[in-house]
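Coordinate inspection notes
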Amino acid sequence: FPVTITGGETLSGDYSASAQINIEFDETSSQIKGAIQGNWREGRFQLNANFNRNLARIELDSSVDHLPLSQILPFLKKYKFVNNDYNAKQIWISFIEKSIVHLQKMEESVFEIQDFKIQGDIGQISAQKMKIQGFEKAKVLPFEIFVSDLQIERIFQFLDRGPLS
C-alpha cells in the first residue's frame, strides 16, 4: 500500500519535504519489502529494505544525494550520535549504502558505503568505499579519504571554533 507524506517540519527549520512509503508483505515467502524515497530540501533520499523471516536477514540498499548536513546534524544530536553543535549551512552529503544484516549474527554484518562525499564551502571530502562492521561495537575498516579544495578557515567555522589567529 503506497502512502505519500508531504510537508512538516525538520528539527532545524520549517522546510517543505516529501516522501513516498511503500510496504509489501508476502505471507507465502515470509518476506516484507519496504521502500521510502523522497526529497528533503534540495536533496533526495531512498531506502529499500527486504526482510526475509526464513533466512533471518535484512537486505538494505539506500542512497542519499545532496542532502544538507545542516538538516541531518540536529537529528544526529537529538539521538546522541554526535554531541557538539556544528555550523553546516553550506555543506551537503551524498552516498550509496548496501548491506545484508544477519539478525542472528548482527556483529558480523557489514555496511558498505560507496561514493561518499561531503562537499560545500569547506571543499570536498570523499571516499570510494567504506565498510562498517557490527552494531554495538561498530568497527570502521580501513579506507582512503580524498580531499580537494579544502578551505581550512571554513573547516574551523564548521567546527564552530572561530577564525584562525
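Refer to the preceding data block for the structure.
Here the structure is a predicted model, which is why all the values come from computation and not from measurement.

Look at Ala 56: it is not a glycine, yet its phi comes out positive at around 55°. Secondary-structure assignment places Ala 56 in the loop between strand S4 (43-52) and strand S5 (57-68).

Relative to the helices and strands, Phe 111 resides in strand S7 (residues 110-120). A relative accessible area of 16% places Phe 111 in the buried class. Counting along the chain gives 51 residues from Phe 111 to Leu 60, while the straight-line C-alpha distance between them is 8.8 Å. With sequence-adjacent residues up to four places away left out, Phe 111 is seen in contact with Leu 60, Glu 97, Lys 98, Ser 99, Val 101, Met 130, Lys 131, Ile 132, Gly 134 and Phe 135.

Once that is clear, we can look at the nonpolar core. Core analysis: the largest hydrophobic core is formed by 13 residues, its most contacted members being Leu 69, Ile 93, Phe 116 and Ile 118. Of all elements in the fold, only S5, helix H1 (69-78), strand S6 (91-102), S7 and strand S8 (123-133) reach the threshold of two or more residues within this core. Once residues within four sequence positions are removed from consideration, Phe 116 is found in contact with Ile 93, Ser 94, Phe 95, Ile 125, Ser 126, Ala 127 and Met 130.

Glancing now at the pairing of S6. Relative to S6, S5 runs antiparallel, the two sharing 10 bridges. In the sheet register, Arg 57 faces S6, and the bridge partner there is His 102. Summarising the sheet, S6 and S7 pair through nine bridges and their orientation is antiparallel. Considered in S7, the bridge of Glu 97 is made with Ile 113.

Once that is clear, we can look at a nonpolar patch on the surface. On the surface, Val 140, Phe 143, Ile 145, Val 147, Leu 150, Ile 152 and Phe 156 cluster together into a nonpolar patch covering about 570 Å² of accessible area. Position of Leu 150 relative to the elements: it lies in the loop between strand S10 (146-148) and helix H2 (152-158).

Here we come to the pattern of salt bridges. Summed over all chains, the structure comprises six salt bridges. Notably, a salt bridge pairs Asp 65 with Arg 44, separated by 2.7 Å at the nearest N-O pair. Taken together, the positions of Asp 65 in strand S5 and Arg 44 in strand S4 put the pair 21 residues apart, joining distant regions of the chain. Note on Asp 65: relative accessible area 32%, which makes it partly exposed. Salt bridges here are not isolated pairs; linked through shared partners, they connect Glu 112, Lys 129 and Lys 131.

Moving on: H1. Every buried residue of H1 is listed here: Leu 69, Ser 70, Gln 71, Ile 72 and Leu 73. A positive backbone phi angle near 60° is found at Lys 80, which sits one or two residues after H1.

Procedures and definitions
Residues numbered from 1 in each chain as written. Predicted model: local features only at pLDDT ≥ 70, side-chain atom pairs only at ≥ 80, totals over all residues. Heavy atoms only, no water. Helix = DSSP H or I, 4+ residues; strand = E, 2+ residues; numbered from the N terminus. Buried < 20%, exposed > 50% of the residue type's maximum accessible area, 1.4 Å probe, protein only. Contact = heavy atoms within 4.5 Å. Core = buried A, V, L, I, M, F, W, Y, C linked by side-chain atoms within 4.5 Å. Pairing = 2+ DSSP bridges. Patch = residues over 30% accessible without salt bridge, like charges linked within 9 Å, V, L, I, M, F, W, Y side chains within 5 Å. Areas by Shrake-Rupley, 256 points an atom, 1.4 Å probe, with all protein chains shown as cover. Salt bridge = Lys/Arg side-chain N within 4 Å of Asp/Glu carboxyl O.

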